[in-house]
Amino acid sequence: AQSVTQLGSHVSVSEGALVLLRCNYSSSVPPYLFWYVQYPNQGLQLLLKYTTGATLVKGINGFEAEFKKSETSFHLTKPSAHMSDAAEYFCAVSDPTGNQFYFGTGTSLTVIP
Amino acid sequence: DSGVTQTPKHLITATGQRVTLRCSPRSGDLSVYWYQQSLDQGLQFLIQYYNGEERAKGNILERFSAQQFPDLHSELNLSSLELGDSALYFCASSVGSRDLLLSGYTFGSGTRLTVV
């Protein structure tokens, strides 16, 4: 079975500061890991994903995440926050078939001018 | 525009009533997924259909049902509505489960259901 834990339901950063959103997963099989972003009044959009291969994955809008198997983590980072990054971020995990797909409870990112 | 169309965008109804939410998947996508997003429960998977057949079931209440029609659009039926059913209901689509892993879900913009 798979599950995801997002630490911190709310994160605030200053504009230009580092963004770090934490995600830990539990999986009995090699996981596929995803980050989605949800802007107000919109559906979720895929930011980036890890399937196999390189453990550091780059996504849209300057975000990246690193798969660390030893820590069962897939934290999302961005070197410099922009006001437009304010949104809800969801980490998700799937088994290799895609039939078992689980979202975390989300982290709301606030960017302070 | 993601290509996944959900209607209506907003719905206000009374307790005990029944509503139908509609989803048209992105062109070429065979799988449709329904999710419920509420403040206290987060994003919960309800049910998946693939090419007209139920493929997977999540935390879907017995008062809720869904189907996928031959033209691949899907409807989510919610009956005997309770205040706690107030939530955002999202539809997502993908070509199939493997495509989901490669490309992720394509989500619609959701239907906001308010039960009063």
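Up top you'll find the structure we're talking about.
Keep in mind it's a predicted model, so treat the numbers as computed, not measured. (Residues numbered from 1 in each chain as written. Chains lettered and ligands numbered in written order. Predicted model: local features only at pLDDT ≥ 70, side-chain atom pairs only at ≥ 80, totals over all residues. Heavy atoms only, no water.)

**Q** Looking at this structure, I do not really get the sheet that holds strand 8 (residues 74–78) of chain B. What am I missing?
**A** Backbone-to-backbone hydrogen bonds pair the strands of a sheet. The strands run either parallel or antiparallel. Residues and elements named next belong to chain B. One open sheet accounts for four strands, arranged 1-3-8-7; its pairing is antiparallel. Two strands lie at the open edges of the sheet, namely strand 1 (5–7) and strand 7 (64–68), each paired on one side alone. The mean angle between the axes of side-by-side strands here comes to 15 degrees, regardless of whether they run parallel or antiparallel. Across five bridges, the pairing between strand 3 (residues 19–24) and strand 8 is antiparallel. (Pairing = 2+ DSSP bridges. Helix = DSSP H or I, 4+ residues; strand = E, 2+ residues; numbered from the N terminus. Axes fitted to C-alpha atoms, helices over the stretch in contact; angles between N-to-C directions.)

**Q** Looking at this structure, how should I read the pairing of strand 4 (residues 32–38) of chain A?
**A** Both faces of the sheet carry side chains from a regular strand, because those side chains alternate between them. Residue and element names in this part refer to chain A. Along strand 4, seven of the seven residues are buried, which leaves the element largely enclosed by surrounding structure. Alternating positions in strand 4 separate into two faces, Y32, F34, Y36 and Q38 on one and L33, W35 and V37 on the other, with burial throughout. Direction of pairing for strand 4 relative to strand 9 (residues 87–94): antiparallel, over a ladder of seven bridges. For Q38, the partnering residue across the bridge sits in strand 9 and is E88. (Buried < 20%, exposed > 50% of the residue type's maximum accessible area, 1.4 Å probe, protein only.)

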